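A look at the structure
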Amino acid sequence: MKIRTLTVGLLAASLALTACGKEGSPSDSEGGNGDGNAAALTYEVAQDVTIEDSPTFDRMKKAGHVVIGVKEDQPNLGYKDPTTGEYNGFDIEIARLVSAKLGFDPKTIEYKAVPSAGREQAIVNGDVDYYVGTYTINDKRKQQISFAGPYFVAGQGLLVAKDNNDINSKDDLKGKKVCSVSGSTPIQNVRDEGLHEPGGEIVELQNYSQCVNELLNGKVDVVTTDDAILLGYAAQQPDELKVVGESFTEEPYGIGLPKEDDALRDKVNDILEEAMEDGTWQEIYDATLGKSGNKADMPEVDRY
């Protein structure tokens, strides 16, 4: 299931993605209004959905819409257009699909941008009903929340300045300033494996766009996170940035849910499996991340 290294030049064409949604306001149930296949994505809203013993679903029914935690600074995955305020990308489309299959029109979605470090607390507090945003499934997080999925598998990569020839793999991080996001799996991998030692430094910021700015300003040597995210940034500024080396982990993306809500987790897993079987997953991928030219295998849902 490991995701192959994407080609930055091809990925640049994918940045004109479309989808939905201003934060806290209705979104376009037709899947966006921009160029490309994402504009044609539609999801039939299921009728008369019931999920017994799901307090989260009951809360959504009472509110009449879903509140979804997302990322807003990850091109091709979860990105908020600074001009229109609309959200777009692969994760956003998965979030919309789940909303529709739960019986809630995607145009009623309320998006909440939550940084990596705040995801578990947002779910535990009930600030969001579920979270879709490059959220790696791991045992530590399972102690606080639950996951449906995975719906995608990425791998950890490295982003450097275009003229940097010193860093070509994780073995070259010793003595370097390595930037990633607080609470993220990639920064924990660097720390646990001591990849920056001896003499290096870990820089933790709130979001990846801040790390990229630090890289562009020469204040850090490398940004590390999932390769799909990094290639989006590299495609935005191909004369300044590049992704190097091979991915060196597997990062299964799941949908974050309240820990004890097994009924909702089962339902969302059903939705994901159906999407993989009937071709919907592939349509979403082709309209978003797949525009890069990269081929990705559908993961197998883990019903733990």
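Note that the coordinates shown come from a computational prediction; the quantities given were computed from them, not determined experimentally.

Let's talk about a negative patch on the surface
A contiguous patch of negative charge, built from E274, E277, D278, E283 and D286, is present on the exposed surface. Going through the elements one at a time, α9 (262–278) and α10 (280–287) are the ones with two or more residues in the negative patch. With three residues, α9 is the largest single contributor of residues to the negative patch. As for its position among the elements, D286 is in helix α10. Overall, D286 belongs to the partly exposed group, its relative accessible area being 35%.

Notes on α9
Between its first and last C-alpha, α9 extends 24 Å over 17 residues, near the 24 Å set by a 1.5 Å rise per residue. Along α9, the positions that sit buried rather than exposed are L264, R265, V268, N269, I271, L272, A275 and M276. The buried residues of α9 occupy one face: seen down the axis, they fall within an arc of 155°. Tucked into the core, α9 has its buried residues touching α2 (55–63), α3 (90–101), β8 (145–154), β14 (251–258) and α10. Phi turns positive, to about 95°, at G279, one or two residues after α9.

Overview of the pattern of salt bridges
All told, the structure shown has nine salt bridges when counted by the stated rule. Here E193 makes a salt bridge to K170, at a shortest N to O gap of 3.8 Å. Note that E193 is positioned in helix α6 (residues 185–193) and K170 in the loop between β9 (156–161) and β10 (177–181), a separation of 23 residues in sequence. Overlapping salt bridges, with partners in common, bring together D270, E273 and R303 in one network.

Calculation notes
- Residues numbered from 1 in each chain as written.
- Predicted model: local features only at pLDDT ≥ 70, side-chain atom pairs only at ≥ 80, totals over all residues.
- Heavy atoms only, no water.
- Patch = residues over 30% accessible without salt bridge, like charges linked within 9 Å, V, L, I, M, F, W, Y side chains within 5 Å.
- Areas by Shrake-Rupley, 256 points an atom, 1.4 Å probe, with all protein chains shown as cover.
- Salt bridge = Lys/Arg side-chain N within 4 Å of Asp/Glu carboxyl O.
- Lys, Arg positive; Asp, Glu negative; His and termini not counted.
- Charge placed at Lys NZ, Arg CZ, Asp CG, Glu CD.
- Helix = DSSP H or I, 4+ residues; strand = E, 2+ residues; numbered from the N terminus.
- Buried < 20%, exposed > 50% of the residue type's maximum accessible area, 1.4 Å probe, protein only.
- Expected span 1.5 Å × (residues − 1).
- Arc of directions from axis to C-beta.
- Contact = heavy atoms within 4.5 Å.

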